[in-house]
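Structural description and commentary
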Amino acid sequence: MKKYIFLLIISVFSIQAYAQKTSKHDQIKSLKIAYFTEHLNLSSEEAEKFWPIYNAHENKMHEIKFSEYKKLKPQLRGEGFENLSDADAKVILKKLEAIETNEYELNRKYTKDLEKVISAKKIILLKKLEDDFNRKLLDRLRKEYHRKND
């Protein structure tokens, strides 16, 4: 009996320590997966094919947003922006257009890949769920921010 209690206590502390190590990004990703799973009503066969497509797309979009845009941030902030010449601004504008074109093409491929797995209606529902989730997440972040500043 004591062994089981000891194992239970160790398990609880291990889970708690692991939970603290996970990043905010991982926590949000977990919440998002749970939200989609609850509302999208995928069959097991659909889910088996859907999640690899979804995760690959999310990873590619995350890479674009946080690596490609990150390269441009120093030039667009503070004095970097103030000292920007018109020629440099045109170069940055071309880079932004290329990034947006890349995002658009990824989204087109993503939609085509999803059409092979789930119905058009579920794809539209997924887009709605993504918007709903992002709105709820922003509301939650605003509330946390106001609680900290009050």
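What counts, and at which threshold
- Residues numbered from 1 in each chain as written.
- Predicted model: local features only at pLDDT ≥ 70, side-chain atom pairs only at ≥ 80, totals over all residues.
- Heavy atoms only, no water.
- Helix = DSSP H or I, 4+ residues; strand = E, 2+ residues; numbered from the N terminus.
- Buried < 20%, exposed > 50% of the residue type's maximum accessible area, 1.4 Å probe, protein only.
- Contact = heavy atoms within 4.5 Å.
- Areas by Shrake-Rupley, 256 points an atom, 1.4 Å probe, with all protein chains shown as cover.
- 1 Å grid on protein atoms, 1.4 Å probe; cavity = no way out; pocket = protein on both sides within 12 Å on 5 of 7 lines; lining within 4 Å.
- Points joined across faces, edges and corners; volume = space filled by probe spheres on them.
- Nonpolar A, V, L, I, M, F, W, Y, C, P; charged D, E, K, R; others polar.

A separate point is the overall build of the protein. Summing up its helical and strand segments, the protein has six helices and zero strands in all. Start at the N end of the protein and walk to the C end: the helices and strands fall as α-α-α-α-α-α. Burial analysis of the protein (150 residues in total) assigns 21% to the buried set. Partitioning the contacts of the protein with sequence separation of at least 6, the portion at a separation of at least 24 is 71%. Here the protein has roughly 12,000 Å² of accessible surface; of this, 58% comes from carbon and sulfur atoms.

Of the pockets and cavities examined, the largest pocket occupies roughly 640 Å³. Lys32, Tyr54, Glu58, Met61 and Lys65 are the residues nearest the centre of the largest pocket, which is lined by 22 residues in total. Looking at the lining of the largest pocket, the elements with two or more residues in it are α2 (24-40), α3 (44-76), α5 (86-115) and α6 (120-149). If one sorts the elements of the lining of the largest pocket by residue count, α3 sits on top with nine residues. Here the residues of the lining of the largest pocket are counted per class, giving eight nonpolar, eight polar and six charged. Considering only enclosed or pocket space, the second largest pocket measures out at about 220 Å³ in volume. Taken together, Lys24, Gln27, Ile28, Leu31, Leu137, Arg140, Leu141, Glu144, Tyr145 and Lys148 form the lining of the second largest pocket. Going through the elements one at a time, α2 and α6 are the ones with two or more residues in the lining of the second largest pocket.

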